[in-house]
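Architecture at a glance
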Amino acid sequence: MKRPRSEALYRAARRVLPGGVNSPVRAFRSVGGTPVFMRSGSGARLTDADGREYLDYCLSWGPLILGHCRPEVVKAACKAARIGSTFGAPTEGETRLAEAIREAYPSMELLRLTSSGTEAAMSVLRAARAFTGRDLVLKFSGCYHGHADSMLVAAGSGAATLGEPNSEGVPASWAQTTLVADYNDIAGLKKVFKRWGARIAAVIVEPVAANMGLVLPEPGFLETLRDLTRHHGALLVFDEVITGFRLAYGGAQSVYGILPDLTCLGKIIGGGYPMGAYGGRRDVMGHIAPLGCAYQAGTLSGNPVAVAAGLETLRLLIKEDPYERVAALAETLAAGLRREAARAGVPAQVHQAASMLTVFFTRKPVRDWPSADCCDRKAYARFFHGLLDNGVYFPPAQFETAMLSSCHTERDVERTLKAAARAFAAV
Ligand SMILES: *Cc1c(COP(=O)(O)O)cnc(C)c1O
């Protein structure tokens, strides 16, 4: 399908931006073709630079649980922008947003607002290291915690060894402060703790993983994490940047009933504007400056426009409580995708939780990064373009999670399944 305006904009962008984008997955490298430049969004719909319309299941990777340009959120942001976009001094809204977050996440006794999820994740680890006086952090392969140096790390060779950089520009010595284990691997976890337990400051985990495609924690995984960290004096950090206010209003910690010591948030809490937050136990957060000596700051942290949009988003989520309805819709979509894949004879695993879902192109169950990594990325690319050409915008990469918003309707899902039937046939 021709998109001459996107082509031209992409050519111009590549002259000034690396790969033409400000975040790599936008460049369509894993699905091929020219990235679609967007012009506007409204509810569940996107309009591209050529004037074509799409049903949006990417939703800016998570923030837009109320869809694009929800009028009340736009109004709140505009109102804030008109009276002062930033002061570099405290404002009342920041306290109100922090209170609203703590109400939903009582484990976040003290919290700080940042401008992105990356900042929240890297700062939360600093807090954990400051509190424990330990250096090592354990993460899981396939989980994403932003692009801070110590998180761009893959498992070293052999079990229970220190990590290796999986990005250029990350010093090997930095990567060696990170241990990497497989998601859902309880035996592996026990091994890591047996060897390194006394040196681990924190374990950071996506309680429901959404950055290797959607992978749910198996029974006992989060419980084991909670027990092992407690036993070894390490802190448990839930990265709920995606799951926060999406899996449920209270996030994965409310659904699974497991309380982490620390939590990071992002995406939805900014209502579509730049925002992150981290927080948790008062004794741990007491190490953050100016209370303590772990430094962390931000010129635009707690930005009034983002705070206003976030507050309005949370207010609407409480008032309308869309979670059950959107989850039911996502379930219908997931069931339909399984049916259409089977009909087309395409091996696929469809995972769904609340308003999130992923179609994995593989015969085998997916439970961790090694099993996700077996997926047929080329099949996903054909599926993606099949959807795109039929007016449906899915995330442009196999290992991302599709999202629904409160604006998606049953008719939208029906239309999506018709497009999916064609897309699977083209796989
Ligand atoms: C998106 C994401 C981040 C990073 O947030 P940014 O706002 O993109 O910096 C961190 N952790 C998880 C789980 C995420 O999904």
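Residues numbered from 1 in each chain as written. Predicted model: local features only at pLDDT ≥ 70, side-chain atom pairs only at ≥ 80, totals over all residues. Heavy atoms only, no water.

1. Looking at the sheet that holds strand β15 (residues 392–393)
Strand order in the open sheet formed by four strands is β1-β2-β3-β15, with mixed pairing between adjacent strands. With one partner strand each, in any of the chains shown, β1 (38–42) and β15 form the two edges of the open sheet. Two strands pair when backbone bridges link them, and strand β3 (residues 53–56) and β15 are joined in this way by two bridges, in the parallel orientation. Residue D56 lies in a different strand from β15, and its bridge partner there is Y393. Seen against the sheet, helix α14 (residues 410–426) touches β2 (45–48), β3 and β15 and runs at an angle of roughly 105 degrees to β3. (Pairing = 2+ DSSP bridges. Helix = DSSP H or I, 4+ residues; strand = E, 2+ residues; numbered from the N terminus. Contact = heavy atoms within 4.5 Å. Axes fitted to C-alpha atoms, helices over the stretch in contact; angles between N-to-C directions.)

2. Remarks on the environment of R363
As for its position among the elements, R363 is in the loop between β14 (356–360) and α12 (369–372). Judged by its relative accessible area of 69%, R363 falls in the exposed class. Along the backbone, R363 and C374 are 11 residues apart, and their C-alpha atoms lie at a distance of 9.4 Å. If we ignore the near neighbours within four places in the chain, the residues touching R363 are P347 and Q349. (Buried < 20%, exposed > 50% of the residue type's maximum accessible area, 1.4 Å probe, protein only.)

3. Thoughts on helix α10 (residues 304–320)
Compared with an ideal rise of 1.5 Å per residue, which puts 17 residues at 24 Å, α10 spans 24 Å between its outermost C-alpha atoms and is within 8% of the ideal. Of all 17 residues in α10, 13 are buried; the element is thus mostly enclosed. Positive phi shows up at D321, right after α10, with a value of about 40 degrees. (Expected span 1.5 Å × (residues − 1).)

4. Let's talk about the site of the ligand
Every residue near the ligand is listed here: S116, G117, T118, Y144, H145, G146, E206, N211, D239, V241, I242 and K267. Separating an oxygen atom of the ligand from a backbone N or O atom of G117 is a distance of 2.8 Å. Measuring from an oxygen atom of the ligand, one finds a side-chain N or O atom of N211 at 3.1 Å. Against a free-state accessible area of 380 Å², the protein chains account for coverage of 83% of the ligand. For the shell around the ligand, the residue count by class is three nonpolar, six polar and three charged. (Near = heavy atom within 4 Å. Polar contact = N/O pair within 3.5 Å; in protein donor to acceptor, adjacent residues only side chain to side chain. Areas by Shrake-Rupley, 256 points an atom, 1.4 Å probe, with all protein chains shown as cover. Nonpolar A, V, L, I, M, F, W, Y, C, P; charged D, E, K, R; others polar.)

5. Some words on the domain arrangement of the chain
Once the domains are mapped, the chain shows domain 1 (4–65 + 322–426) and domain 2 (71–319). Distance between the C-alpha centres of domain 1 and domain 2: 26 Å. If you sort the residues of domain 1 by the area they bury against domain 2, Y323, M356 and R367 come out on top, with a joint share of 29%. One can count one salt bridge joining domain 1 with domain 2. (Domains from an automatic or database assignment. Buried area = accessible area lost by both parts, 1.4 Å probe. Salt bridge = Lys/Arg side-chain N within 4 Å of Asp/Glu carboxyl O.)

6. Re a positive patch on the surface
On the surface, R11, R14, R15 and R29 cluster together into a positively charged patch. Looking at the element boundaries, R15 is found in helix α1 (residues 4–16). For R15, a relative accessible area of 65% puts it in the exposed group. (Patch = residues over 30% accessible without salt bridge, like charges linked within 9 Å, V, L, I, M, F, W, Y side chains within 5 Å. Lys, Arg positive; Asp, Glu negative; His and termini not counted. Charge placed at Lys NZ, Arg CZ, Asp CG, Glu CD.)

7. Observations regarding the nonpolar core
Core analysis: the largest hydrophobic core is formed by 40 residues, its most contacted members being Y57, L337, F383, F394 and F424. Those elements giving two or more residues to this core turn out to be β3, α11 (323–343), β14, α13 (377–389), β15 and α14. The next biggest cluster of nonpolar side chains, apart from the first, holds 32 residues, and it includes V73, A77, Y105 and L316. (Core = buried A, V, L, I, M, F, W, Y, C linked by side-chain atoms within 4.5 Å.)

8. Focus: the packing of aromatic side chains
Applying the stated criterion across every chain, the model contains 17 aromatic pairs. Where F245 meets Y249, the ring centres are 4.8 Å apart and the plane angle is 85 degrees; that geometry is what we call edge-to-face. Judged by its relative accessible area of 18%, Y249 is buried. Connected via pairs of aromatic rings, a cluster forms that spans Y57, F361, Y380, F383, F394 and F424. Seen from the ring of Y10, R14 lies directly overhead, with NZ or CZ sitting 4.2 Å from the centre. (Phe/Tyr/Trp six-rings, centres within 6.5 Å; stacked < 30°, edge-to-face > 60°. Lys NZ or Arg CZ within 6 Å of the ring centre and 35° of its normal.)

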